[in-house]
Amino acid sequence: MNWIWTVEMTLRFPLAIRSPLPPALASSLHRRLPILSSPSAAALSSSPPASPPLFLRPLVFSASRSDFLDFRRWAESLALAAGPRLTCDGGPDAGLLGRELSWLLEDASASSDSSVDEVRLRVELEELYRLWRERIEKRRPFQYIVGCEHWRDLILVVKEGVLIPRPETEVVVDLVAEVQGFEKGLWADLGTGSGAIAVGIGRMLKEGGRVLATDLSPVALEVARVNVERYELKDKIELRQGSWFEPLQDVEGELMGLVSNPPYIPSTNLSGLQAEVGQHEPKLALDGGDDGMDHLLHLCEGSSLALKSGGFFAFETNGDKQSKFIADLMTTRWRKVFHNVKMVSDFAGIKRFVTGFRR
Ligand SMILES: C[S@@+](CC[C@H](N)C(=O)[O-])C[C@H]1O[C@@H](n2cnc3c(N)ncnc32)[C@H](O)[C@@H]1O
């Protein structure tokens, strides 16, 4: 795969943060993510090859301003007409689609004086028509269309086969930053996906600090690698493939901290999913088993061996009920192993995270 562009363009990232979903909406969307089945790693690896995010492609196409404005008018009318239909399953309303259209045009074109009769583009105008049709008619997530997601102060590459990082998960990085001496510790991000949490932590580390970022999915690791390289964190973040603690056997009992946003959606909730999520995001990233707790319970148990004494953990859950279950378990059955166990709320006030320390 040719990722040469990633290094070359690193310094050109826009600084503005663009969160396509308000935290509360994103949060409820995430909680409703359904799983139909867990595809094998081999199946995931057959996803289409990645191309650079739209905003990083060269401006080698152009269109007349009037054709460009025709596209905009057509896209707006498609969004307006589709809005009410899409909201039925919790999908975007016309207002959000309008904002997505603006972002799409921002990513796809160079700003130019409105007196100039030519608009420079990163894809052909026909391609923009195709992409917007996919967005509205196939409910393809906006982030897969533009190939990136704004998360904290990062712009992360995403593509089909990897979970789009959610705004609420940003809190995990803040929780790590509160741990005394975290900057020089050995951390693990289990189920790293796009590498969002690992990159967020990696950027705060000082000399000696390191993150081991693992995932079962080869597509996720491929995307995580791109993000790690884009942010020049190869010396801080090591990617490893395997199931949960399997790739961490050589560091058993040595981790200063362990974080994870595992799949936690109960399999029974799958049928109610918003199309963008249920039809497009990887099931491997969503399905938490019968009650959504399969992976969380495995992570709790494994943490007792993986963490060193005094080591910190933070897990994201499906919200209040799951958090309470995990926190109760840690303070009863595993009280001799963990202490200072807390539930932490997300932006929407939902008890989304469970944190604590290894005795
Ligand atoms: C909810 S996603 C989180 C992704 C990323 N950490 C984030 O917050 O955006 C869960 C991740 O766990 C990975 N995963 C699922 N089963 C796994 C397993 N048995 N071992 C390791 N990773 C797994 C998925 O591939 C997916 O990337």
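The shown structure was predicted, so the numbers you read here are calculated from the model rather than taken from an experiment. (Residues numbered from 1 in each chain as written. Predicted model: local features only at pLDDT ≥ 70, side-chain atom pairs only at ≥ 80, totals over all residues.)

Q: Can you explain the overall build of the chain? Please cite residues and give values.
A: Scanning the chain for helices and strands turns up 13 helices and 11 strands. Here the chain holds 359 residues, and the buried ones make up 44% of them. (Helix = DSSP H or I, 4+ residues; strand = E, 2+ residues; numbered from the N terminus. Buried ≥ 20, exposed ≤ 12 C-beta atoms within 10 Å, placed from the backbone.)

Q: How would you summarise the pairing of strand β6 (residues 210-215) if you had to cite specific residues and measurements?
A: Most of β6 sits out of view: five of its six residues are buried. Of the strand pairs in this sheet, β6 and strand β7 (residues 237-241) are connected by five bridges, and their pairing is parallel. Residue pairing across strands places L212 opposite E238, the latter belonging to β7. (Pairing = 2+ DSSP bridges.)

Q: Go over the environment of F142, please, and point to the residues and values.
A: Mapped onto the secondary structure, F142 falls in helix α7 (residues 142-146). You can call F142 buried: it has 21 C-beta atoms within 10 Å. Distance in space between the C-alpha atoms of F142 and L104 is 8.5 Å, their sequence separation being 38 residues.

Q: Any chance you could break down the sheet that holds strand β10 (residues 338-345) for me, citing the residues and the numbers?
A: Within a beta sheet, neighbouring strands are joined by backbone hydrogen bonds and run either parallel or antiparallel to one another. Spatially, β7-β6-β5-β8-β9-β11-β10 is the arrangement adopted by the seven strands of the open sheet, whose pairing is mixed. Where the open sheet ends on each side, the last strands, each with one partner, are β7 and β10. Averaged over neighbouring strand pairs, the angle between their axes works out to 15° when direction is ignored. Along the sheet, helix α10 (residues 218-230) makes contact with β6 and β7, crossing β7 at roughly 170°. (Axes fitted to C-alpha atoms, helices over the stretch in contact; angles between N-to-C directions. Contact = placed C-beta atoms within 7 Å.)

Q: Describe α10, naming the residues involved and giving the relevant values.
A: Between its first and last C-alpha, α10 extends 18 Å over 13 residues, near the 18 Å set by a 1.5 Å rise per residue. The element α10 is extensively covered by neighbouring structure, given that 10 of its 13 residues are classed as buried. Where α10 is concerned, the buried positions are V219, A220, L221, E222, V223, A224, V226, N227, V228 and R230. Just downstream of α10, E232 is the residue with a positive phi angle, here 50°. (Expected span 1.5 Å × (residues − 1).)

Q: With reference to specific residues and values, describe the environment of D291.
A: Mapped onto the elements, D291 comes out in the loop between α11 (275-278) and α12 (294-306). By the C-beta count within 10 Å, which is 17 here, D291 ends up partly exposed. With 27 residues separating them along the chain, D291 and Y264 place their C-alpha atoms 8.2 Å apart.

Q: Describe the site of the ligand, and please don't skip the residues or the numbers.
A: Taken together, 21 residues lie around the ligand, and P165, G191, G193, N261 and A285 are the ones closest in. Those elements that place two or more of their residues in the shell around the ligand are α9 (196-202) and β6. Grouping the amino acids of the shell around the ligand by side-chain chemistry returns 11 nonpolar, nine polar and one charged. (Near = placed C-beta within 6 Å. Nonpolar A, V, L, I, M, F, W, Y, C, P; charged D, E, K, R; others polar.)

Q: Go over the pairing of β10 with me, naming the residues and quoting the values.
A: Looking at chain direction, β10 and strand β11 (residues 351-358) are connected through six bridges and run antiparallel. Counted as the bridge partner of S345 is K351 from β11. The antiparallel pairing of β10 with β11 creates a hairpin that spans five residues between the two strands, and G349 there sits at a positive phi of about 85°.

Q: Requested: an account of the packing of helix α4 (residues 65-86) against helix α6 (residues 125-137), with residues and values cited.
A: How two helices pack is summed up by the angle between their axes together with the distance between the axes. Direction vectors running N to C along α4 and α6 enclose 5°, while the axes themselves pass 11 Å from each other. Relative to α6, the element α4 is oriented roughly parallel. Residues D67, F68, F71, A75, L78, A79 and A82 of α4 lie in contact with α6, whose contacting residues are L125, L128, Y129, W132 and I136. A class-by-class count of the residues in the contact of α4 with α6 yields 11 nonpolar, no polar and one charged. (Parallel < 35°, antiparallel > 145°, perpendicular 65-115°, else oblique.)

Q: Account for the confidence of the model for the chain, with residues named and values stated.
A: Keep in mind that low pLDDT regions are not for reading the predicted coordinates in detail. Overall, the prediction assigns the chain a mean pLDDT of 87, with 86% of residues at 70 or greater. Across residues 1-49, where pLDDT falls below 50, the model places 94 contacts with residues more than four positions away in sequence or in other chains. (pLDDT = per-residue confidence, 0-100.)

Q: Tell me about the environment of G193, and name the residues and values.
A: Tracing the chain through its elements places G193 in the loop between β5 (186-190) and α9. C-alpha of G193 to C-alpha of A220: the two residues are 27 residues apart in sequence and 4.8 Å apart in space.

Q: I'd love a proper account of the packing of α4 against helix α5 (residues 94-108), names of residues and values included.
A: Where α4 contacts α5, the two axes come as close as 9 Å, and the packing angle between them is 155°. One finds that α4 runs roughly antiparallel with respect to α5. Considering how the two elements wind past one another, α4 and α5 form a crossing that is right-handed. Note on element contacts: α5 touches α4 through A94, L97, G98, L101 and L105, opposite R72, A75, E76, A79, L80 and G83. Split into classes, the residues belonging to the contact of α4 with α5 amount to seven nonpolar, two polar and two charged. (Left-handed = near helix turned anticlockwise from the far one by under 90°.)

Q: Could you give an account of α6, with specific residues and numbers?
A: Every α-helix carries 3.6 residues per turn, so stepping three or four residues along brings you back to the same face. Taking 1.5 Å of rise per residue, 13 residues should cover 18 Å, and α6 covers 18 Å from first to last C-alpha, within 8% of that figure. A positive phi of about 60° marks R139, the residue just after α6.

Q: Break down unusual backbone geometry for me, citing the residues and quoting the values.
A: Non-glycine residue E232 carries a positive phi angle of around 50°. In this fold, E232 is placed in the loop between α10 and β7. Take E232: there are 13 C-beta atoms within 10 Å of it, and that puts it in the partly exposed class. Positive phi values are uncommon outside glycine, yet W244 reaches one of about 35°. If you trace the backbone, W244 turns up in the loop between β7 and β8 (255-260).

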